[in-house]
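# What the coordinates show
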Amino acid sequence: MSFPAESKTDRPPIPTGGFKGCDLPPVVTDKPPRVLIAGAGLGGLFLGILLENSGIPYEIFERSAEIRPLGSIMCLSPNILPAFEQLGLLDELMSFSKPSRGGTMLTDKLKLVGKAIAAPTDLIGYDRILLARPELYTMLFSNIPKEKIRMSKKVLSFQQNHEGVMLRFSDNTTIHGDILVGADGAHSAVRQHLYKTLGKQGLLPDSDTKEMCKGYISLVGTTDALDPEKYPGVLEEDSESYFVVGDKNTPYTVGVAEVADEQFKSSDWIPQQNQKMMDSIRHFKTPYGTLGDLFDVTPIERVSKVGAGAVNAMQDAVLLANHLYDIYPTSFENIKRAFSSYKDERFDAIKDQYPQSYMSAKLIYGHTLSERIVRHVVFNWLPKGIQHRQFLKDTAYRPQANFLPQAPKRGSLEVIPQRPSIRIPKEEGETRELKKQGIVVPL
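Residues numbered from 1 in each chain as written. Predicted model: local features only at pLDDT ≥ 70, side-chain atom pairs only at ≥ 80, totals over all residues. Heavy atoms only, no water.

Turning our eyes to something else, we now look at the sheet that holds strand β4 (residues 73-76). Strand order in the open sheet formed by three strands is β4-β8-β5, with antiparallel pairing between adjacent strands. Lying at the two open borders of the sheet, with one neighbouring strand each, are β4 and β5 (97-99). Across the sheet, the mean angle from the axis of one strand to that of its neighbour is 30 degrees, orientation sign disregarded. Judged from the three bridges that link them, β5 and strand β8 (residues 129-132) form a sheet pairing that is antiparallel. Bridge pairing links proline 99 to isoleucine 129 in β8. Contacts from helix α5 (residues 133-142) reach β4 and β8, with the element oriented near 80 degrees to β8. (Pairing = 2+ DSSP bridges. Helix = DSSP H or I, 4+ residues; strand = E, 2+ residues; numbered from the N terminus. Axes fitted to C-alpha atoms, helices over the stretch in contact; angles between N-to-C directions. Contact = heavy atoms within 4.5 Å.)

Before going further, it helps to examine helix α1 (residues 42-54). Compared with the 18 Å implied by 1.5 Å per residue over 13 residues, the 18 Å span of α1 between its first and last C-alpha is a close match. Burial of α1 is extensive: eleven of the 13 residues sit out of reach of the surface. Every buried residue belonging to α1 is among Leu42, Gly43, Gly44, Leu45, Phe46, Leu47, Gly48, Ile49, Leu50, Leu51 and Ser54, and all of these are buried. Phi turns positive, to about 85 degrees, at glycine 55, one or two residues after α1. (Expected span 1.5 Å × (residues − 1). Buried < 20%, exposed > 50% of the residue type's maximum accessible area, 1.4 Å probe, protein only.)

Look at helix α11 (residues 369-380): 16 Å from first C-alpha to last across twelve residues, which is about the 16 Å you get at 1.5 Å a residue. Every buried residue belonging to α11 is among Glu371, Arg375, Val378 and Phe379, and all of these are buried. Taken down its axis, α11 places every buried residue within 90 degrees of arc, on the same side. Lining the buried residues of α11 we find β6 (102-107), β7 (112-117), β15 (240-245), α10 (332-365) and α12 (384-395). (Arc of directions from axis to C-beta.)

Strand order in the open sheet made by the four strands is β9-β3-β2-β13, with parallel pairing throughout. The outermost strands of the open sheet, each flanked by one partner alone, are β9 (149-150) and β13 (179-182). Two strands pair when backbone bridges link them, and strand β3 (residues 58-61) and β9 are joined in this way by two bridges, in the parallel orientation. Bridging from a neighbouring strand, isoleucine 60 pairs with isoleucine 149 of β9.

Right, dumping it as structure tokens:
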């Protein structure tokens, strides 16, 4: 199967139903599928690194003209750290991270609401770590070959049939591949176009026709290097994190952590809009002074509304890469089968996680009377054993790349087994059979 190079075209838009050649017989090839990734966020970059290690050809297309790593402090847990270890990135990751043993929640008057204590490392195997999201982004971006990332490539539409998929960009260029992955954020252009197509065909579920509900606006950023005399926590071996929750009259939640030195609608907010919001909450207290003190050492261009969900996106990438690796030979039917298997493996875990994420958001950001009562009960009355059981259940889910050597088992916690590769045992069996026949098998 050949794929034409990216090209300029003055042709009118191609009908959504497919592009030229859709009535030809399906093509089958021994070559791995060519993957087009829309979006160079954390999830898209992580998938690219996985595909780089699997031998699957790919390209990443980013709508922005230049990379601006944004975001604030984020947490990575044993749910995703084994995959970093497989990729040989764990040591580099730890070089700009700090272990987090738990967090403290305070009222806007800085009175204690409760503390969350992490499970011991000898049980879960890895420390939960806090790090600056921009540094994680820079590390992942640097591990993608430059020629495989295309900037200023805003996706307008795509067409697909049994021969593959064609992307059309805002600069009136197109490119062909076998598989398109939409990793372009909550307001994904790929999803929007897909939903529009499914809607015309009467295949879009009613739940997906509703507007996205945004209950909270998240304003995030990272400061410049802080003065250790004023912020002594930056010199500690562990990191310290606080959540400061306002009441009904001050409906804000502030997350602060001391660590050593989205797309479309969310990412299009301009610095002036961010500054206006920051000015309205400068007076808010934190354990380190006011928010204004932190704003004053935070460049405005480093403030954004980058959303959450990075760990889920990276877990998605690991399992998707596994199923893409299992596609052999490359054909329309095998690609469909791979996506179906991916959904079967991933969907239940996401469905179980959703109510927990919903409740976590209520605990951290909720300001109504009922939400404040629930928060007090959870942090002060709910038995720690119940909290730890749920945490350990979540932590036991640790996807790894099937096509790479498995990370060594760490900790005494039993990890949830994942589906094995269907391709690797088959190839190993074929290799053994060839060796029995005296045929030399190249490594």
